[in-house]
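# Fold and geometry: a report
Residues per chain are reported as follows:
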Amino acid sequence: MRLPVLVALLTFALGLPFAGMTGMHMDASLELACLYPCSRPAWATQILGKTVPWMVMTYLGSIKAWLFAPLLAVFPATVWTLRLPLLATAAVSAGLFAVLLRRLFGTRVAISGGLLLAVDASYVLAGSIDFGPVVGLHVLWLAGVLLLLRFEERGRLGILALAFFCFGLALWHKALFLWMLGGLGVAGLASFPRRILRQVTAKRVGVAAAAMLVGCLPLVVYNIRFPLRTFRIGDVAGESSPISHKLVILRRTLDGSVLQGFLNEEAWVETHQAPRTAAAKTSVALANTFGAIHSNTVPWFALATLLLTPWLLTTGSRQAVLFCWTYLAVVWAQMALVGKTGGSIHHVLLLWPVPQMLLVLAGREVARQWRLGIWVAVAALALMVTGNLLLLNQYFADLATKGTGPVFTDAVEPLRAQLEAGDAEQILAVDWGYQATLCLQSKGRLPVEAVDFSDQEQLRRWIRQPATVFVAHSPQMELVPGIHDRLRAAARDLGWERQVTSSIRDGNGRPRFELWRFEPLDAGVLPDRLAMGNPQHAPLLRGLWEIEAGQWRWSGPRFSFRLAPVRRAGTQVELDVHLPEVILQRLGPVTVTGRAGRERLVGRRLAEAGDHLLRWPVGAGEGASLDVAFTLDKALAPVGEETRELGLIVRGVGLVSR
């Protein structure tokens, strides 16, 4: 077992430097954020009072969240917590591939194929930053294939059941495993029909089907409860890609260049920095020595293998070569024909590790049957391995100097820290790419969700609420074109204007995120005092119910106002409230705390029913307005037809000077 272990260790060692260099990708975060209330999984149920997620998206199961839940209960949700287990899984897959090759073709082929996969730039980087998911599908596919080979030898139904249980888990993990499963079935029957059909009996088919059903049971139940929703391709996010684009992504995944400019930042040359660590300095020096390496040589050898295929089909590797080409054709044809798939590395990588198997089979036959063929095969392997190693070094040097790109930005962590240190009651992600990451990294502490433009009434309430913080990309980094202007236009139609309150920069000093609040277009005419009976002031209030008796409002447990800015020293915030007898009788004394801008308002205890005039001193500020928010330690819960949560009767709020 030394060879598989060495292959796994090499994969892990090459991927480890990249695991902590970039921020989390939205897709990777989404799979684990379903454990927390700030996420909205496609399907979850209540079990013993707890929300249990089953499907993260219509085609993506929650198996990864289940596996990570114990880990996240102990460790913080950092890139290391997320990525180290996934990188280890990718390393195990590389080791299993070596086991498979040795079992089928011998040690030399296993060494060549294991080495080729272990250094493959696309595979190593995807394993380091799994955002597909890719890692889980590879390990389950390889485990299932090895178990089927073991079943062929021993004939035990338990082994057969375990193989198809792995396939079932992979289907639940991501329904696109149907591509890999279909490719395996068609390629197997095309290449080894008698060998496969010899194993088929009604009993074995029943066992295999039952085991796979158990593995993907949540997916099956979901599609029964929500009829065939997984297969509604039109519901999948993203745009359709032409075949020409998918062919480009296929080539770039083969040559390893597909993540250039995606992981690292290439546009902002002026923010590139000198390498800081010894490893970065060595990497940059090596990159400078060999020149800019942005691709490997694998596509050229893949093309050579394609041209040699008619000859290869006459050699002893005929069936295995036929299997590889059939598998690749069936799997890629599916992603090519489905409109919104095949245009990204995490789809193309589902072909792996079959391309590596095909390459080493071609090398084996060349070494066997050509004069000096062994040297040709060794030279080809050396060129592919060296090219991938130099490419991985280039990625490392680029990340160390150019920093991360907008999707994998390392600015997400300081963004989370600043939001957790603030007092926002609602955080809204304007653009795509970070809502689930903030949810995951805060373990649900941040009340974050995505802006929903389809609910215009809710959007109006969000814009008007002073305790809401909008998180947007910086102007140059917008990922959904026009989405920032869309929100600003909606706010202006309501009489509000965006105010940028903070900018978050990445490790290279580039502005990546902005925090927004909205101010009235004419903030200078904001009143010093709000009368609760004035309906014109209703847009400035939050947490207060409709006007009653033409002069006052019931509050909820949290309520807030927007007042004119404080310009003089000695100003106080004044809150005019009434504590109803019914509240005092049922709940006892009520304590009022609050915040005026960034200043905390000391709690005041109301122990008697009746009118109370509460005042707090506030300092002069420079803002265009003053946001004042109050919190009650208790409020009357909704009862019967009364759907409101009731706290105090508010008659007025304002600023007074001594």
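Parameters and conventions
Numbering of residues begins from 1 in every chain and follows the order in which that chain's sequence is written. Reporting of local features is limited, given that this is a predicted model, to residues whose pLDDT is at least 70; pairs of side-chain atoms are given and counted only at 80 or more, and all residues count toward the totals for whole chains, interfaces and linings. The side-chain quantities take in all heavy atoms of the structure and omit both hydrogens and water. Helix and strand assignments follow DSSP, with helices taken as H or I runs no shorter than four residues and strands as E runs no shorter than two, numbered in order from the N terminus. The term salt bridge refers to a side-chain nitrogen of Lys or Arg lying within 4 Å of a carboxyl oxygen of Asp or Glu. The rule is simple: take the accessible area with a 1.4 Å probe, protein chains only, and divide by the maximum for that residue type; under 20% is buried, over 50% is exposed, in between is partly exposed. To define a nonpolar core, start from buried Ala, Val, Leu, Ile, Met, Phe, Trp, Tyr and Cys residues and group those joined through side-chain atoms within 4.5 Å. In what follows, a contact means two residues having at least one pair of non-hydrogen atoms within 4.5 Å. Paired rings are identified among Phe, Tyr and Trp, the last through its six-membered ring, by centres lying within 6.5 Å, and are further divided according to the angle between planes into stacked (under 30 degrees), edge-to-face (over 60) and tilted (the rest). Being paired, for any two strands, means DSSP has found at least two bridges between them. Lines fitted to C-alpha atoms define the axes here, with helix axes fitted over just the stretch in contact, and angles between the N-to-C directions of these axes take values from 0 to 180 degrees.

Secondary-structure assignment places Trp80 in helix H4 (residues 79-105). For Trp80 and Ala472, which are 392 residues apart along the polypeptide, the C-alpha to C-alpha distance reads 25 Å.

Inspection of the entire model under this criterion finds 25 salt bridges. Residues Glu31 and Lys64 are paired through a salt bridge, measuring 2.9 Å at the closest nitrogen-oxygen approach. Here Lys64 lies in helix H3 (residues 63-74) and Glu31 lies in helix H2 (residues 26-33), a separation of 33 residues in the sequence. On the basis of relative accessible area, Glu31 is assigned to the buried category, the value being 1%. You can call Lys64 buried: its relative accessible area is 6%. Here Arg368 makes a salt bridge to Glu365, at a shortest N to O gap of 3.3 Å. Of this pair, Arg368 and Glu365 are both found in helix H18 (residues 354-369), three residues apart, which corresponds to roughly one turn of the helix. Residue Glu365 is classed as buried on the basis of its relative accessible area, which comes to 0%. A cluster of three or more residues bridged by salt bridges with shared partners is formed by Glu265, Asp506, Arg510 and Arg512.

When a protein is soluble and globular, its nonpolar side chains tend to lie buried together. Counting residues in each nonpolar core, the largest one holds 162 residues, and the members touching the most others are Trp141, Phe177, Tyr327, Leu419, Val430, Phe470 and Leu487. In this structure, Tyr327 is in contact with Trp141, Met180, Gly183, Leu184, Ala187, Leu350, Leu351 and Val354, ignoring residues within four places of it in sequence. In terms of nonpolar packing, the next biggest core, distinct from the first, is built from 34 residues, Met532, Leu544, Ile583 and Leu646 among them.

In this structure the tally under the stated criterion is 20 aromatic pairs. Each ring, one from Trp54 and one from Trp66, has its centre 5.0 Å from the other, and the planes form 55 degrees; the classification is tilted. Within this pair, whereas Trp54 is found in strand S2 (residues 50-57), its partner Trp66 is found in helix H3, the two being separated by 12 residues in sequence. Under the relative-accessibility criterion, Trp54 is labelled buried at 18%. With centroids separated by 5.6 Å and ring planes inclined at 90 degrees, the aromatic side chains of Trp66 and Trp172 adopt a geometry described as edge-to-face. A residue pair is termed long-range when its members are at least 10 positions apart, and Trp66 in helix H3 and Trp172 in helix H8 (residues 157-173) qualify at 106 residues.

So, about the pairing of strand S4 (residues 426-429). Successive residues of a regular strand alternate their side chains across the two faces of the sheet. What you see with S4 is no split at all: Gln426 and Leu428 on one side and Ile427 and Ala429 on the other are buried throughout. When S4 meets strand S6 (residues 468-473), the two strands line up parallel, connected through four bridges. Residue pairing in the sheet places Gln426 in a bridge with Thr468 of S6. Bridging between S4 and strand S5 (residues 448-450) involves three bridges; their strand directions are parallel. Of the residues in S5, the one forming a bridge with Ala429 is Ala450.

What follows deals with the sheet that holds S6. With mixed pairing, five strands are arranged side by side in an open sheet as S5-S4-S6-S8-S7. At either margin of the open sheet sits one strand with a lone partner, and together these are S5 and strand S7 (496-505). Pairs of neighbouring strands in the sheet enclose a mean axial angle of 30 degrees, with direction left out of account.

Any functional reading would require information beyond the geometric quantities listed.
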